[in-house]
Amino acid sequence: MKPLKLISVLLLVAITFGFTIVKKDGWRPLFNGKDLTGWETYIGPDLDDNGKPITGTPIGLNNDPKHVFTIVNDESENVIRISGENWGAISTQKKYENYHLQLQFRWGQLSWGQKKGKKKDSGLLYHSVGKYGADYGAWMRSQEFQVEEGNCGEYWGVAGGFADIPVVKKSETEYVYDPKGTLTTFKEGGAQGRHCMKSTDAEKPSGQWNTLDLYCHGDTSIHVVNGKVMMILYHNKQMDNGQELPLTKGKIQIQSEGAEIFYKDIKIQAITKLPALFTK
């Protein structure tokens, strides 16, 4: 069979049976540029301006009456718009482990409820497992790569996710990542809490596109903003019914948390080790 004819046949098979075509460099797109195929939406309960649930009943899975998650055209390309009006997330239908994830984001103009007039907030939640709405009625158990104005790349443990991070103590309640610092456990209910601050900043001015890279291999993960390492997490784990278990695999969630934000160029590739450039 001639090469061009063979390629045509392979493309037809891929389209017909829904196979994912992998680029030669190993990247797989997670956003097809048209719709949210491959993703699910979940929206928590309606909140008042103080962040309190109005009814306590979640809007739920794949139900988006306010169009929180949409595809819009931005400078001749389609991007994902998250309005932020409700708390929730889009999440991949598949689970992933040992990967390099890359995406781009930029802030919009709108903010809502308890976040109105404050730092715009979202988040990249990875190794997401368990039930929807486990955290604040909106998110699955996971590790958070913080996406917030001025704080991009920080860490939050979500609904039982926790990790060991080298830090220096800044105050009684604040700990800052330092690769030469003391390895410290960050977990809900622990002495240090579940939040670790970054030590540097690489975010571009609001309205400009930023690139986030997340590297996950084994029980280690690396948060990178615009090419600069924000922190390295070790021994990713979870509390599940009182037991400490590994947390090295799961879905990927992107948060809606009170602020308008746009995402594009979401892609993933498998890795067999972490980049030596970031782990020296």
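These numbers come from a predicted model, not from an experiment. Here, residues in each chain are numbered from 1, in the same order as that chain's written sequence. Local features are withheld for residues below a pLDDT of 70 in this predicted model, meaning they are given only at 70 or higher, and side-chain atom pairs are given and counted only at 80 or more; totals for whole chains, interfaces and linings count all residues. Hydrogens are left out, water is left out, and the side-chain values use all remaining heavy atoms of the structure.

Undergrad: Can you explain the overall build of the chain? Please cite residues and give values.
TA: Under the DSSP-based scheme used, a helix requires at least four consecutive residues in state H or I and a strand at least two consecutive residues in state E, with every element numbered from the N terminus. Scanning the chain from terminus to terminus reveals two helices and 20 strands. Here the C-alpha atoms of the chain give a radius of gyration of 19 Å, agreeing with the 19 Å that 2.2 N^0.38 yields for 280 residues. For the chain, the spread of C-alpha atoms along the three principal axes comes to 70 × 45 × 40 Å. Three labels apply to residues, based on accessible area from a 1.4 Å probe with only protein chains included: buried if under 20% of the type maximum, exposed if over 50%, partly exposed otherwise in between. Of all 280 residues assigned to the chain, the portion counted as buried reaches 48%. We call two residues in contact when some of their heavy atoms are within 4.5 Å. For the chain, long-range pairs separated by at least 24 residues make up 64% of all intrachain contacts whose partners lie at least 6 apart in sequence. With an accessible surface of roughly 14000 Å², the chain has 52% of that area assigned to carbon and sulfur atoms. The reference for a compact globule is 2.2 Å times residues^0.38; the radius of gyration itself is calculated from the C-alpha atoms. Only the protein chains shown count as cover for residues, and the accessible areas themselves come from Shrake-Rupley with a 1.4 Å probe.

Undergrad: Explain the state of the cysteines to me, using residue names and the numbers behind them.
TA: Disulfides are defined as cysteine sulfur pairs within 2.5 Å. The tally for this structure, following the rule as stated, stands at zero disulfides. In this model Cys-152 remains outside any disulfide bridge; the closest cysteine sulfur is found in Cys-196, 15 Å from its own. Judged by relative accessible area, Cys-196 falls into the buried class, the value being 0%.

Undergrad: How would you explain the sheet that holds strand S19 (residues 251-256) if you had to name every residue and give the values?
TA: What the eight strands build is an open sheet, ordered S3-S2-S6-S19-S8-S9-S10-S14; its pairing is antiparallel. Here the strands that pair on one side only, and so sit at the sheet edges, are strand S3 (53-61) and strand S14 (195-196). Paired strands are those between which DSSP finds at least two bridges.

Undergrad: Summarise the nonpolar core; cite the residues concerned and give the values.
TA: What is meant by a nonpolar core is a set of buried Ala, Val, Leu, Ile, Met, Phe, Trp, Tyr and Cys residues, joined one to another through side-chain atoms within 4.5 Å. Membership of the largest hydrophobic core comes to 53 residues, with the highest contact counts inside it found for Tyr-99, Leu-101, Tyr-155, Ile-165, Ile-254, Tyr-263 and Ile-266. Each residue touching Tyr-99, except ones within four places of it in the same chain, is listed here: Tyr-126, His-127, Leu-214, Tyr-215, Cys-216, Ile-252, Ile-268, Gln-269, Ala-270 and Ile-271. Counting seven residues, the second largest nonpolar core, distinct from the first, contains Trp-87, Ala-138, Val-158 and Ala-159.

Undergrad: Describe the confidence of the model for the chain, with residues and values.
TA: Keep in mind that low pLDDT regions are not for reading the predicted coordinates in detail. Within a predicted model, pLDDT stands for the predictor's per-residue confidence, ranging from 0 to 100. Across the chain, pLDDT averages 92, with 91% of residues at or above 70. Contacts for the low-pLDDT stretch residues 1-23, under 50 throughout, to residues beyond four places or in other chains number 10 contacts.

Undergrad: Give a description of the side chain of Arg-81 that names residues and reports values.
TA: Along the chain, Arg-81 turns up in strand S5 (residues 77-82). For Arg-81, a relative accessible area of 18% translates into the label buried. For this analysis, a polar contact is any N or O atom pair within 3.5 Å, provided that within protein one partner can donate a hydrogen and the other can accept it, and provided that sequence-adjacent residues contribute only side-chain to side-chain pairs. Within the local environment of Arg-81, its side chain forms a polar contact with the side chain of Glu-260, the two groups lying 2.8 Å apart.

Undergrad: Which residues make up the packing of aromatic side chains, and what values go with them?
TA: Paired rings are identified among Phe, Tyr and Trp, the last through its six-membered ring, by centres lying within 6.5 Å, and are further divided according to the angle between planes into stacked (under 30 degrees), edge-to-face (over 60) and tilted (the rest). A full pass over the atoms with the stated rule returns nine aromatic pairs. Measuring from centroid to centroid gives 5.2 Å for Tyr-42 and Tyr-132, while their planes differ by 20°, and the two rings are stacked. Of the two residues, Tyr-42 sits in strand S2 (residues 39-47) while Tyr-132 sits in the loop between strand S8 (121-129) and strand S9 (141-148), which places them 90 residues apart along the sequence. Taking 5.9 Å as the distance between ring centres and 65° as the angle between the ring planes, the aromatic pair formed by Trp-87 and Tyr-136 counts as edge-to-face. With Trp-87 in the loop between S5 and strand S6 (88-92) and Tyr-136 in the loop between S8 and S9, this residue pair connects regions lying 49 residues apart in the sequence. Every member of this aromatic cluster is reached through a ring pair, and the members are Trp-87, Tyr-136 and Trp-139. A cation sits over an aromatic face here: Lys-187 above Phe-162, 4.5 Å from the ring centre. Placement of a positive charge over a ring is assigned whenever Lys NZ or Arg CZ falls within 6 Å of the ring centre and within 35 degrees of the normal to the ring plane. Here the basic side chain of Lys-267 rests over the ring of Trp-27, its NZ or CZ set 4.7 Å away from the ring centre.

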